[in-house]
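Next come the chains, spelled out residue by residue.
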Amino acid sequence: TQAPAPGRRLFLALWPDPVVRAELARLARRLTPEHVPAANLHLTLVFLGFTPPDREAGYRAALDGLRPVPFTLELDRLGCFRGPRVLWLGPSQIPPALTALVGELQRRLAACDHEPDPRPFAAHVTLARRFSGSAPAYPLPSPIRWPAARIVLAESRSQPGGVRYEPLADWPVGL
Ligand code: 2AM
């Protein structure tokens, strides 16, 4: 038998601070019993996928010195991705600094031969998976304000109890 190739499943995400995480978790719990664990809440910026160690080292070097311009997300919109039956929360307005940040990440990663996702960036926080309902039609009573503070390189780990995300490195926003 052959050992699997070394590497891990990685992504770059905005990571909520404990206050924002608690607000997101409260909303998710209120909406559905199928909500994801509070610790899993994040907003993916770039999905990197399965990454061998030398490639990961290249990504980390390429992201060295990243200094994103601060911005605040107003998460005010619920929706569903039908295929994976994801219930998500997102901003109806994308701050220009967020668009610029994703572009900057893509540029730096492209220099390490990262294949960009052909699909356009869809800013969303997954609140539930295998969601059996449809997104509530009513507007979100009060948007969740998320001042971006931290970008994280995270590993997605499949475990018996479900997927878990492990922060490996982080970059501050606007410090
Ligand atoms: P999701 O929440 O919409 O499922 C870790 O898996 C993170 O990367 C999740 O936020 C997930 O988005 C995202 N992700 C997983 N597979 C992906 C893919 N093939 N393309 C883009 N994003 C992906």
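Structure first, text after, so check above.
These numbers come from a predicted model, not from an experiment. (Residues numbered from 1 in each chain as written. Predicted model: local features only at pLDDT ≥ 70, side-chain atom pairs only at ≥ 80, totals over all residues. Heavy atoms only, no water.)

Draft legend 1. Quick look at the overall build of the chain. On a plain count of helices and strands, the chain comes out with 3 helices and 8 strands. Each helix (α) and strand (β) of the chain, taken in turn from the N terminus, gives the series β-α-β-α-β-β-α-β-β-β-β. Taken against the 2.2 N^0.38 rule, which gives 16 Å for 175 residues, the C-alpha radius of gyration of the chain at 16 Å falls within 12% of a compact globule. Principal-axis analysis of the C-alpha atoms gives the chain an extent of 45 × 45 × 30 Å. Per-residue burial for the chain yields a buried fraction of 42% across its 175 residues. Element-wise, carbon and sulfur atoms account for 54% of the exposed surface of the chain, whose accessible area totals about 9700 Å². Charge centroids of the chain, computed over 21 positive and 15 negative side chains, lie 6 Å from each other. (Helix = DSSP H or I, 4+ residues; strand = E, 2+ residues; numbered from the N terminus. Rg over C-alpha atoms; globule rule 2.2 N^0.38 Å. Buried < 20%, exposed > 50% of the residue type's maximum accessible area, 1.4 Å probe, protein only. Areas by Shrake-Rupley, 256 points an atom, 1.4 Å probe, with all protein chains shown as cover. Lys, Arg positive; Asp, Glu negative; His and termini not counted. Charge placed at Lys NZ, Arg CZ, Asp CG, Glu CD.)

Draft legend 2. Highlighting the packing of aromatic side chains. Enumeration over the complete set of coordinates arrives at 2 aromatic pairs. Each ring, one from phenylalanine 11 and one from tyrosine 165, has its centre 5.2 Å from the other, and the planes form 80 degrees; the classification is edge-to-face. You can see phenylalanine 11 sitting in strand E1 (residues 8-14) and its partner tyrosine 165 sitting in strand E8 (residues 162-172), a full 154 residues away along the chain. Taken individually, phenylalanine 11 and tyrosine 165 each receive the classification buried, so the pair is uniform in this respect. With a centroid separation of 5.7 Å and 40 degrees between ring planes, the pair formed by phenylalanine 81 and tryptophan 88 is classed as tilted. Look at phenylalanine 81 and you get partly exposed, because its relative accessible area is 30%. (Phe/Tyr/Trp six-rings, centres within 6.5 Å; stacked < 30°, edge-to-face > 60°.)

Draft legend 3. View of the site of the ligand. Lining the immediate environment of the ligand, one finds Arg9, Phe11, His42, Thr44, Phe47, Asp117, Arg119, His124, Thr126, Arg129 and Tyr165. Interatomic distance of 2.9 Å between a side-chain N/O atom of arginine 129 and an oxygen atom of the ligand. For the shell around the ligand, a count of residues per class yields 3 nonpolar, 4 polar and 4 charged. (Near = heavy atom within 4 Å. Polar contact = N/O pair within 3.5 Å; in protein donor to acceptor, adjacent residues only side chain to side chain. Nonpolar A, V, L, I, M, F, W, Y, C, P; charged D, E, K, R; others polar.)

Draft legend 4. Representation of helix H1 (residues 18-31) in the model. For H1, spanning 14 residues, the distance from its first C-alpha to its last is 20 Å, which sits close to the expected 20 Å at 1.5 Å a residue. Within H1, the full set of buried residues consists of Val20, Arg21, Leu24, Ala25, Leu27, Ala28 and Leu31. Along the axis of H1, the buried residues cluster in a sector spanning 165 degrees; they form a single face. When the buried face of H1 is taken as reference, the exposed residues oriented beyond 90 degrees from it are Pro18, Val19, Arg29 and Arg30. In the core, the buried residues of H1 are packed alongside strand E3 (72-81), strand E4 (86-91), strand E5 (125-128) and strand E6 (144-147). Between the side-chain oxygen of the N-cap and the backbone nitrogen of valine 19 there are 3.1 Å, and the N-cap of H1 in question is aspartate 17. (Expected span 1.5 Å × (residues − 1). Arc of directions from axis to C-beta. Contact = heavy atoms within 4.5 Å.)

Draft legend 5. How the structure looks around the side chain of threonine 32. Structurally, threonine 32 is set in the loop between H1 and strand E2 (43-51). Under the relative-accessibility criterion, threonine 32 is labelled buried at 3%. Polar side-chain contacts of threonine 32 include one of 2.8 Å to the backbone nitrogen of glutamate 34. The contacts of threonine 32, once residues within four sequence positions are left out, are Leu87, Ala128 and Phe131.

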